Amino acid sequence: MKYYIIAGEPSGDLHGSNLMKALIAEDSDAQFRFWGGDLMAAVGGTLVRHYRDTAVMGIWDVLTHLGKIQKNFSLCRKDISENRPDVLILIDYPGFNLPIAQWAHKRGIKVFYYISPKVWASKEYRIKKMRICIDRLYSIMPFEPRYFQSRNFPNVFYCGNPVMDAIAQRPHADESEPDFRTRCGLSPKPIIALLPGSRVAELKYNLPEMMRLTREFPDHQFVIAGAPSFKAADYDKFLAGYDVKVLFGETYELLRFAKAAVVTSGTATLETALFRCPQIVMYLMWGGGFSDWIAHLFIKVPYISLVNLILGREVVSELFQKKYSYERLKSELSEIVADSPRRTTMLADYDELAQRVGDAGCSQRAAADMVAFLKQGV
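Values in this document were obtained by computation on a predicted structure and should not be read as measured data.

As for the overall build of the chain
Part 1 of the argument: For the chain, the count of helices and strands is 18 helices and 13 strands.
Part 2 of the argument: Against the globule reference of 21 Å for 378 residues, the chain gives a C-alpha radius of gyration of 21 Å, in line with a compact fold.
Part 3 of the argument: Projected onto its principal axes, the C-alpha coordinates of the chain cover approximately 65 × 45 × 40 Å.
Part 4 of the argument: Counting every position in the chain, which comprises 378 residues, the buried fraction comes to 53%.
Part 5 of the argument: Intrachain contacts of the chain at a sequence separation of at least 6 include 65% that bridge at least 24 residues.
Part 6 of the argument: Carbon and sulfur atoms provide 53% of the accessible area of the chain, an area that totals close to 16700 Å².

Listed below in structure tokens is the structure:
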């Protein structure tokens with residue numbers, strides 16, 4: 001069968017690549033055409049557009065890139081029309097993917113949505129359109145099936161979380177800490193990991209504040225987890241005057257051996273917790289108090305991190321916009337790098353989180369269901 005897949009971010013590229021591998025195991029004749037990144041390209045098929053050319057973040061980025069966004073929509077619609085896939089598989093990225101889903105549905109193309117849009121957090125009005133244009137919705141959060149069921153959403157399949165697949169399949173999984181430090185050129189000092197995000201605006205607003213911390217903890221070494229959407233040069237202007245290393249392709253091993261981490265919101269908060277690395281979540285964006293006001297108009301959940309959302313309580317501190325202060329960031333980091341009650345409690349909560357998220361195999365379960373669903377419709 002012919003699969004057309006759209007992923008617009010590094011995490012989508014990762015999970016999309018694992019899904020593609022699983023689809024090949026279920027369908028030996030699988031053919032792929034996709035929007036994604038290097039990991040999906042390594043599996044095979046035709047890369048139409050790299051996520052580096054599609055990702056935008058926030059209201060300002062959207063407003064300043066309207067022409068680029070419209071060109072991407074036009075290219076996508078044209079390419080799908082010319083290649084006429086058996087199914088369109090959309091991975092998260094709802095600002096782009098939901099309009100494409102509506103367009104494809106009107107033209108009789110079957111639509112699967114892998115990694116559901118987070119309508120439970122904001123923009124719940126999207127559910128009405130999703131019911132109409134999505135043939136099969138693949139849920140990855142343990143609380144999502146009940147949410148969608150309560151809103152009469154048909155054809156929802158809970159497949160577990162693809163982060164567990166990525167963790168299980170990571171390279172260097174059996175590497176010792178001394179070997180990791182030697183291979184990556186790190187000193188014996190305890191590590192504090194910095195995960196400032198994968199978008200330009202996230203680096204711009206969050207990384208300078210993270211870098212200030214490096215002067216406060218001289219007995220630790222700070223290491224940045226380089227995002228696959230960036231190159232080393234993208235970090236250079238933030239590193240001037242600081243002795244901080246950037247590691248690419250080592251995020252999981254970095255979290256595995258770090259004493260603590262400072263993380264922007266997103267999937268990274270869940271990954272950090274699954275590696276039992278105590279963390280602080282911070283997220284700053286343009287607009288200060290105005291953006292904070294806008295965000296609270298639309299965000300309908302009490303937390304911004306997946307850790308707190310899944311467990312339903314504040315396990316990790318969230319320093320978002322007006323809740324952020326450098327003094328609080330420094331104070332809380334001091335607490336979790338020490339053998340404090342706060343650190344002990346957080347690690348115990350992480351154990352509960354791991355039980356709720358479940359085991360690896362999300363990609364395989366989703367792929368098997370997709371192929372079976374498609375064959376039923378033949």
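What follows picks up the thread again.
What about the packing of aromatic side chains?
Part 1 of the argument: Per the stated rule, a full pass over the model turns up 16 aromatic pairs.
Part 2 of the argument: Between Trp35 and Phe96 the ring centres are 5.5 Å apart and the planes differ by 35 degrees, which places this aromatic pair in the tilted class. Of the two residues, Trp35 is situated in strand β2 (residues 31–36) and Phe96 in helix α5 (residues 94–106); the sequence distance between them amounts to 61 residues.
Part 3 of the argument: Cluster of aromatic residues (ring-pair linked, three or more members): Trp35, Phe73, Tyr93 and Phe96.
Part 4 of the argument: Over the face of the ring belonging to Tyr326 we find Arg212, whose NZ or CZ atom lies 3.8 Å from the ring centre.

Observations regarding the side chain of Asn97
Part 1 of the argument: In this fold, Asn97 is placed in helix α5.
Part 2 of the argument: With residues near it in sequence (within four places) discarded, Asn97 still touches Ile6, Leu90, Ile91, Asp92 and Tyr113.

Re the packing of helix α10 (residues 200–212) against helix α11 (residues 232–239)
Part 1 of the argument: Where α10 contacts α11, the axes come no closer than 10 Å and their chain directions differ by 50 degrees. With respect to α11, the element α10 is oriented oblique. Relative to α11, the crossing made by α10 is right-handed. Residues Leu203, Lys204, Leu207, Pro208 and Met211 of α10 pack against Asp234, Tyr235, Phe238 and Leu239 of α11.
Part 2 of the argument: Residues belonging to the contact of α10 with α11 are distributed by class as follows: seven nonpolar, no polar and two charged.

Re the nonpolar core
Part 1 of the argument: If you look at the biggest cluster of nonpolar residues, it comprises 127 residues, and the most contacted ones within it are Tyr3, Leu88, Ile89, Tyr114 and Leu333.
Part 2 of the argument: Sorting elements by how many residues they give to this core places helix α18 (residues 362–376) first, with seven residues.
Part 3 of the argument: If we skip the residues at most four places from it in the chain, Leu88 touches Tyr4, Ile6, Ile80, Ile100, Ala104, Ile109, Lys110, Val111 and Phe112.

Considering the pattern of salt bridges
Part 1 of the argument: Applying the stated rule across the entire model yields 20 salt bridges.
Part 2 of the argument: Residues Glu82 and Lys78 are paired through a salt bridge, measuring 2.7 Å at the closest nitrogen-oxygen approach. Placement of both Glu82 and Lys78 in helix α4 (residues 66–83) is noted, with a separation of four residues, approximately one turn of the helix.
Part 3 of the argument: Put simply, Arg181 and Glu177 hold a salt bridge, and the shortest N to O gap is 2.9 Å. Taken together, the residues Arg181 and Glu177, both in helix α9 (residues 177–184) and four residues apart, mark about one turn of the helix.
Part 4 of the argument: Exposure remark for Arg181: the relative accessible area of 12% places this residue in the buried category.
Part 5 of the argument: Residue class for Glu177 comes out partly exposed when judged on its relative accessible area of 28%.
Part 6 of the argument: Three or more residues are tied together by salt bridges with common partners; here these are Arg313, Asp349, Glu352 and Arg356.

Looking at the sheet that holds strand β6 (residues 136–139)
Part 1 of the argument: Here seven strands make up an open sheet; going across it, the order is β3-β2-β1-β4-β5-β6-β7 and the pairing parallel. Each of the sheet's edge strands pairs with one partner strand only, and the pair in question is β3 (46–50) and β7 (156–158). Averaged over all adjacent pairs, the angle separating strand axes in this sheet is 15 degrees, with direction ignored.
Part 2 of the argument: Here strand β4 (residues 87–91) runs beside strand β5 (residues 111–114); their pairing, made up of four bridges, is parallel. Bridge pairing in β5 links Leu88 to Val111.
Part 3 of the argument: Contacts from helix α1 (residues 10–26) reach β1 (2–7), β2, β4 and β5, with the element oriented near 175 degrees to β2.

Regarding the environment of Asp38
Part 1 of the argument: Following the sequence through the fold, Asp38 ends up in helix α2 (residues 38–43).
Part 2 of the argument: For Asp38, a relative accessible area of 47% corresponds to the partly exposed category.
Part 3 of the argument: As for Asp38 and Val262, which are separated by 224 residues in sequence, their C-alpha atoms are 26 Å apart.
Part 4 of the argument: A polar contact of 3.2 Å, which involves the side chain of Asp38, links it to the side chain of His50.

Thresholds, definitions, all that
- Residues numbered from 1 in each chain as written.
- Predicted model: local features only at pLDDT ≥ 70, side-chain atom pairs only at ≥ 80, totals over all residues.
- Heavy atoms only, no water.
- Helix = DSSP H or I, 4+ residues; strand = E, 2+ residues; numbered from the N terminus.
- Rg over C-alpha atoms; globule rule 2.2 N^0.38 Å.
- Buried < 20%, exposed > 50% of the residue type's maximum accessible area, 1.4 Å probe, protein only.
- Contact = heavy atoms within 4.5 Å.
- Areas by Shrake-Rupley, 256 points an atom, 1.4 Å probe, with all protein chains shown as cover.
- Phe/Tyr/Trp six-rings, centres within 6.5 Å; stacked < 30°, edge-to-face > 60°.
- Lys NZ or Arg CZ within 6 Å of the ring centre and 35° of its normal.
- Axes fitted to C-alpha atoms, helices over the stretch in contact; angles between N-to-C directions.
- Parallel < 35°, antiparallel > 145°, perpendicular 65-115°, else oblique.
- Left-handed = near helix turned anticlockwise from the far one by under 90°.
- Nonpolar A, V, L, I, M, F, W, Y, C, P; charged D, E, K, R; others polar.
- Core = buried A, V, L, I, M, F, W, Y, C linked by side-chain atoms within 4.5 Å.
- Salt bridge = Lys/Arg side-chain N within 4 Å of Asp/Glu carboxyl O.
- Pairing = 2+ DSSP bridges.
- Polar contact = N/O pair within 3.5 Å; in protein donor to acceptor, adjacent residues only side chain to side chain.

On their own, these measurements won't tell you what the molecule is for.
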